[in-house]
Amino acid sequence: MIAEWDLTQTNQRRLKENMPRVAVIPTSAIEPHNLHLPIGQDFLHTSIVTRRSVKKAWQTTRKIIALPGIPYGVDCNLLDFPIAIHVSQQILDAMLREIIQSLRHYDIQKMVLINGHGGNDFTPFIRQIQYDLDVYVFQVDWWKVAEDHYEELFSKPDDHAGEMETSVALALYPELVEMSHAGVATTRPFKIEALQKGWARTSRRFSKLNEYCATADPSAADPEKGTKYLDITIERIAAFLVDLVRAPLDAYFPQRDFF
Ligand SMILES: [Zn+2]
């Protein structure tokens, strides 16, 4: 069966009958995640989250389309481990600019980037492209969508290859997870107080943290936790996409008037 909400599967006859108003583009990374998760982790989970969210939104609105994702991300700080592929933010932005220009050519003005890699930051790009073109671009870092449920589901914090990311992998592609090889991944703390507190920030070179290319302990990972976290996430993203389709592009969009 043709997934009509997927640009790679639909065809121009169907598109001519029903042009989408919102386009969804996954952005991710190809990089090592501890010793137990696949290199394609961010690419795999972000593609699935995007596809499931758009498919769910499609049940309510047919004015939406999922594009194939950009597999690569900003990874210059992970290159000490095999094999990360680094594509600079500048190049990602340039590629997205041309994708968005193509969509704009077909009168699609609302775009959503479903981002699955913490090293990617499209904020300056979005600010600029909304000034340059008549478009509205939104970035959703999908792992943050259900953050308010994080503590009820997970026992330990995560930002790379820990309990949450491993639980998600166990829920989505358990055959690719080699749990017995997972390292505990304790990280060397910052030596300067302002960095420990977090109000002074920097970019971490992962090989200085530990030998796993990971920042958190995955040992308590569990597929059920991953499924619950994903379900809440996908439900919320799908609802956002529907809201976005329905919101008229009036003078204040995406703001509403005071009353
Ligand atoms: Zn990841």
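What you are looking at is a predicted structure, and each value in this text was computed from that prediction instead of being measured.

### Here's the deal with the packing of aromatic side chains
Geometry of an aromatic ring pair is reported as the spacing of the ring centres plus the angle between the planes. By the definition in use, this model includes 6 aromatic pairs. An angle of 85° between the planes, with centres 4.8 Å apart, marks the rings of Tyr136 and Phe253 as edge-to-face. Placement of Tyr136 in strand S4 (residues 136-141) and of Phe253 in the segment after helix H8 (223-246) is noted, with a sequence separation of 117 residues between them. You can call Phe253 buried: its relative accessible area is 9%. Here Phe138 and Phe240 contribute two aromatic rings whose centre-to-centre distance is 6.0 Å and whose plane-to-plane angle is 80°, an arrangement assigned as edge-to-face. Taken together, the residues span a long stretch of sequence, with Phe138 in strand S4 and Phe240 in helix H8 at a distance of 102 residues. Grouping aromatic residues by their ring pairs yields a cluster made of Tyr136, Phe138, Phe240 and Phe253.

### Here we look at helix H2 (residues 41-58)
For H2, spanning 18 residues, the distance from its first C-alpha to its last is 26 Å, which sits close to the expected 26 Å at 1.5 Å a residue. Buried within H2 we find Gln41, Asp42, His45, Thr46, Ser47, Val49, Thr50, Ser53, Val54, Ala57 and Trp58.

### Some points on the pairing of strand S1 (residues 22-27)
For S1, the tally of buried residues reaches 6 of 6 residues, placing the bulk of the element in the interior. Burial of S1 is two-sided: the residues Val22, Val24 and Pro26 facing one way and the residues Ala23, Ile25 and Thr27 facing the other way are all buried. Two strands pair when backbone bridges link them, and S1 and strand S2 (residues 64-66) are joined in this way by 3 bridges, in the parallel orientation. Bridge assignment links Val22 to a residue of S2, and that residue is Ile64.

### Considerations on the nonpolar core
Judged by nonpolar contacts, the single largest core of 42 residues is most densely connected at Val24, Ile64, Val112, Ile114 and Leu241. Contributing elements (two or more residues each) for this core: S1, H2, S2, strand S3 (110-115), S4, helix H5 (150-153), helix H6 (163-172) and H8. Of the residues forming this core, the biggest block, 9 residues, is contributed by H8. Once residues lying within four places of it in the same chain are set aside, the contact partners of Val112 are Val22, Ala23, Val24, Ile25, Phe138, Val140, Phe240, Leu241 and Leu244. If you look at the next biggest cluster of nonpolar residues, it comprises 21 residues, including Ala23, Leu92, Val135 and Val137.

### So, the coordination of the zinc ion
Six octahedral donors around a metal ideally make angles of 90 or 180 degrees; four tetrahedral donors ideally make 109.5 degrees. Surrounding the zinc ion are the protein donor atoms His33 (NE2), Asp42 (OD), Glu165 (OE) and Glu165 (OE), at 1.9 to 2.8 Å. One can describe the site at the zinc ion as irregular: its 4 donor atoms subtend angles covering 50 to 145° at the metal.

### Concerning unusual backbone geometry
For the bond from Pro82 to Ile83, the omega torsion is -20°, close enough to zero to count as cis. As for its placement among the helices and strands, Ile83 is situated in the loop between S2 and helix H3 (89-105). The residue Asp107 is not glycine, and still its phi comes out positive at about 65°. Its relative accessible area of 48% is what places Asp107 among the partly exposed residues. The residue Cys213 is not glycine, and still its phi comes out positive at about 60°.

Rules used in this analysis
Residues numbered from 1 in each chain as written. Predicted model: local features only at pLDDT ≥ 70, side-chain atom pairs only at ≥ 80, totals over all residues. Heavy atoms only, no water. Phe/Tyr/Trp six-rings, centres within 6.5 Å; stacked < 30°, edge-to-face > 60°. Helix = DSSP H or I, 4+ residues; strand = E, 2+ residues; numbered from the N terminus. Buried < 20%, exposed > 50% of the residue type's maximum accessible area, 1.4 Å probe, protein only. Expected span 1.5 Å × (residues − 1). Pairing = 2+ DSSP bridges. Core = buried A, V, L, I, M, F, W, Y, C linked by side-chain atoms within 4.5 Å. Contact = heavy atoms within 4.5 Å. Donors = N, O, S within 2.8 Å, 3.2 Å for Na, K, Ca; no water. Tetrahedral: all angles 85-135°; square planar, octahedral: opposite > 155°, others 65-115°.

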